[in-house]
Amino acid sequence: NWQDDSNRTGFICACWKNHIDSVKYLLTVDKINANLVDSIVQSGFYHACRYGYYEIVQIMLDDARVDVMLSNHANWSPLMKATYDGEAETIKRILC
């Protein structure tokens, strides 16, 4: 859970860059906190929704430890961001 100068963890970066295998692996590590946020209060789940990485979104939806309702610094939920950016597949996975 080491964080860089922007408070990004390896997990956040894996979600942000769509590294599916890394996300899957990191979620198997007991000490990983999937709900840490970066300096603008965006979690890994938020980044995955923001960029429409629906495979990562689904992996994280299937993990009970992930708080899918964490809002960012502007109080936008991941669902709001995906909707604003027109990420239809991501929206579908969140709502179904």
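What counts and how
Residues numbered from 1 in each chain as written. Predicted model: local features only at pLDDT ≥ 70, side-chain atom pairs only at ≥ 80, totals over all residues. Heavy atoms only, no water. Buried < 20%, exposed > 50% of the residue type's maximum accessible area, 1.4 Å probe, protein only. Helix = DSSP H or I, 4+ residues; strand = E, 2+ residues; numbered from the N terminus. Arc of directions from axis to C-beta. Contact = heavy atoms within 4.5 Å. Core = buried A, V, L, I, M, F, W, Y, C linked by side-chain atoms within 4.5 Å. Salt bridge = Lys/Arg side-chain N within 4 Å of Asp/Glu carboxyl O. Axes fitted to C-alpha atoms, helices over the stretch in contact; angles between N-to-C directions. Parallel < 35°, antiparallel > 145°, perpendicular 65-115°, else oblique. Left-handed = near helix turned anticlockwise from the far one by under 90°. Nonpolar A, V, L, I, M, F, W, Y, C, P; charged D, E, K, R; others polar.

S.K.: Would you take a moment to explain helix H4 (residues 54-61) for this structure?
M.R.: It helps to recall that an α-helix has 3.6 residues per turn; residues three or four apart then point in one direction. Buried residues of H4: Ile-56, Val-57, Ile-59 and Met-60, and no others. Take H4 and look down its axis: the buried residues cluster within an arc of 165°, on one side only. In the core, the buried residues of H4 are packed alongside helix H1 (10-16), helix H2 (20-26), helix H3 (44-50) and helix H6 (88-95).

S.K.: Any chance you could explain the side chain of Thr-90 here in plain terms?
M.R.: When you line up the elements, Thr-90 lands in helix H6. We classify Thr-90 as buried; its relative accessible area is 1%. Residues contacting Thr-90, with those up to four places away along its chain left out, are Cys-49, Gly-52, Tyr-53, Tyr-54, Val-57 and Ala-82.

S.K.: So what exactly am I meant to see when it comes to the nonpolar core here?
M.R.: In a soluble, globular protein the nonpolar side chains are often hidden away together inside. Counting residues in each nonpolar core, the largest one holds 19 residues, and the members touching the most others are Phe-11, Val-23, Leu-27, Ile-56 and Met-60. Counting residues per element, the ones that place at least two in this core are H1, H2, H3 and H4. Considering every element that reaches this core, the biggest residue donor is H4, with four residues. Leave out the neighbours within four places in its chain, and Phe-11 touches Val-23, Leu-26, Leu-27, Ile-32, Ala-34 and Met-60.

S.K.: Whenever I open this one, the side chain of Ser-43 confuses me. Can you help?
M.R.: The residue Ser-43 is located in the loop between H2 and H3 in this model. The class for Ser-43 is buried, based on a relative accessible area of 1%. Excluding residues within four positions of it along the chain, Ser-43 makes contact with Ile-12, Leu-36, Val-37 and Leu-70.

S.K.: Can you walk me through the pattern of salt bridges in this structure?
M.R.: Close approach of charged atoms allows side chains with opposite charge to pair. Following the criterion strictly, the structure yields three salt bridges and no others. Put simply, Lys-81 and Asp-85 hold a salt bridge, and the shortest N to O gap is 3.3 Å. The partner of Arg-93 in a salt bridge is Glu-89, with the nearest N and O atoms 2.9 Å apart. Residue Arg-93 and its partner Glu-89 are located together in helix H6, separated by four residues, close to a single helical turn.

S.K.: It is not clear to me how the packing of H4 against H6 should be interpreted in this structure. Could you clarify?
M.R.: Packed helices, taken two at a time, are described by the angle between their axes plus the distance between the axes. In contact at an axis separation of 9 Å, H4 and H6 are set at 10° when each is read in the N-to-C sense. Viewed along their axes, H4 and H6 adopt a mutual orientation that is roughly parallel. Along this stretch, H4 crosses H6, giving a crossing that reads as right-handed. Where H4 approaches H6, its residues Tyr-54, Val-57, Gln-58 and Leu-61 are matched on the opposing element by Glu-89, Thr-90, Arg-93 and Ile-94. When grouped by side-chain class, the residues that make up the contact of H4 with H6 number four nonpolar, two polar and two charged.

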